[in-house]
Amino acid sequence: MKPRALLLTALLTLPVLAAAQDTAPVTLPEIPPVMTPLPVSPPSVPTPPTPAMPTAPSTPAPAAVALPDVQANLFVPRTVTGKVALTFTIRSSRATPITFSVRRDNEQNCSTAPQVRVLEVGTRAVVYPLSGASPRLCAQDLETKTAAAKGNVTFTRELELAPGEYMVESWLTGFAGDLLVKVPAAPMRITVK
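## Observations concerning the overall build of the chain
Here comes step 1: Within the chain, the regular secondary structure consists of one helix and 10 strands.
Here comes step 2: From first element to last, N terminus to C terminus, the chain shows the α and β order α-β-β-β-β-β-β-β-β-β-β.
Here comes step 3: With 193 residues in all, the chain has 24% of them scored as buried.
Here comes step 4: Counting contacts in the chain only where the partners sit at least 6 residues apart, residues at least 24 apart contribute 70% of the total.
Here comes step 5: Accessible surface, the chain as shown: approximately 14,200 Å² in total, 63% of it carbon and sulfur.

## Concerning the pairing of strand β10 (residues 179–192)
Here comes step 1: Pairing geometry for strand β2 (residues 79–80) and β10, over two bridges, is parallel. Bridge pairing in β10 places Thr79 opposite Thr191.
Here comes step 2: Count of turn residues in the strand β9 (residues 164–176)/β10 antiparallel hairpin: two residues, of which Gly177 carries a positive phi of about 70 degrees.

## Re the environment of Thr99
Here comes step 1: Tracing the backbone through its elements, the reader meets Thr99 in strand β4 (residues 98–103).
Here comes step 2: Look at Thr99 and you get partly exposed, because its relative accessible area is 31%.
Here comes step 3: For the pair Thr99 and Thr146, spaced 47 residues apart in sequence, the C-alpha separation works out to 4.1 Å.
Here comes step 4: Excluding residues that lie within four positions of it along the chain, Thr99 makes contacts with Thr144, Lys145, Thr146, Phe175, Ala176 and Gly177.
Here comes step 5: Of the polar contacts made by the side chain of Thr99, one reaches the side chain of Thr146; its length is 2.9 Å.

## Structural notes on unusual backbone geometry
Here comes step 1: In this chain, Ala113 is followed by Pro114 through a cis amide linkage whose omega measures -5 degrees.
Here comes step 2: With respect to the helices and strands, the residue Pro114 is situated in the loop between β4 and β5 (115–120).
Here comes step 3: Positive phi is not limited to glycine here, since Cys110 has a value of about 65 degrees.
Here comes step 4: Within the secondary structure layout, Cys110 lies in the loop between β4 and β5.
Here comes step 5: Positive phi is not limited to glycine here, since Arg124 has a value of about 60 degrees.
Here comes step 6: Here Arg124 is to be found in the loop between β5 and β6 (126–128).
Here comes step 7: Under the relative-accessibility criterion, Arg124 is labelled exposed at 54%.

## Regarding the state of the cysteines
Here comes step 1: Under the counting rule described, the total for this entry stands at one disulfide.
Here comes step 2: Between the sulfur atoms of Cys110 and its disulfide mate Cys138 the distance is 1.9 Å. Handedness here is read from the sign of the S-S torsion; for Cys110 and Cys138, about -80 degrees, the answer is left-handed. Residue Cys110 is found in the loop between β4 and β5, and its partner Cys138 is found in the loop between β6 and β7 (142–147); the two are separated by 28 residues along the sequence. Residue Cys110 shares its accessibility class with Cys138, and that shared class is buried.

## Some thoughts on the nonpolar core
Here comes step 1: Formed by 31 residues in total, the largest nonpolar core has its most connected members in Val84, Ile90, Phe100, Phe155 and Leu172.
Here comes step 2: For this core, the secondary-structure elements that each account for two or more residues are β1 (70–75), β3 (84–92), β4, β5, β8 (152–159), β9 and β10.
Here comes step 3: Among the elements that line this core, the one with the most residues is β10, at five residues.
Here comes step 4: Contacts of Val84, omitting those with residues within four sequence positions, involve Val76, Arg157, Glu158, Leu159, Leu161, Ile190 and Val192.

## Concerning the packing of aromatic side chains
Each aromatic ring pair is described using two quantities: the centre-to-centre distance and the angle formed by the ring planes.
Here comes step 1: Tallied over the full model, the rule gives zero aromatic pairs.
Here comes step 2: A cation over an aromatic ring shows up here: Lys145 above the ring of Phe155, its NZ or CZ 4.8 Å from the ring centre.

Rules and cut-offs
- Residues numbered from 1 in each chain as written.
- Predicted model: local features only at pLDDT ≥ 70, side-chain atom pairs only at ≥ 80, totals over all residues.
- Heavy atoms only, no water.
- Helix = DSSP H or I, 4+ residues; strand = E, 2+ residues; numbered from the N terminus.
- Buried < 20%, exposed > 50% of the residue type's maximum accessible area, 1.4 Å probe, protein only.
- Contact = heavy atoms within 4.5 Å.
- Areas by Shrake-Rupley, 256 points an atom, 1.4 Å probe, with all protein chains shown as cover.
- Pairing = 2+ DSSP bridges.
- Polar contact = N/O pair within 3.5 Å; in protein donor to acceptor, adjacent residues only side chain to side chain.
- Disulfide = S-S within 2.5 Å.
- Core = buried A, V, L, I, M, F, W, Y, C linked by side-chain atoms within 4.5 Å.
- Phe/Tyr/Trp six-rings, centres within 6.5 Å; stacked < 30°, edge-to-face > 60°.
- Lys NZ or Arg CZ within 6 Å of the ring centre and 35° of its normal.

Everything listed is a geometric property; what it means functionally is a separate question.
Below, the structure written as structure tokens:
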């Protein structure tokens, strides 16, 4: 028999064989129900797009260091009417001059130094800087001041606060020579009328 005729015969007999199998009872094994819950896979996290160009490995930003021979004081009048004037003084006990370089801070209303955080007394609610405020883009220039050997350097700024009782925390974050430093001052309590 030719292969073509053989193939045609096989195709014609398939329906007859299929009908014969449908009439025979088929018993399948019973599968027991699952009693333990199935593991839930965590939701898939979208994969970020791969960059077109290779990038350099990221390095963590250097942490600010404390200077043991430098101290800061914040002066704010205890009771204020109108704008609050802040005077931040850094005293150096070094035998050589020290230069501080500070940049404008986008979260601090584009001020250079000192950085401040104002808390409402009794609630500890932060009233400055405002969280969720639209970010500012400030010029990234540096303000540079030098404290003489065993001398002082002063930074000033003003804040506008609603009447109330506040705690003002203050610090300077910037560079002292080639080191990234953070110089904190003790917090001050003020009353704004």
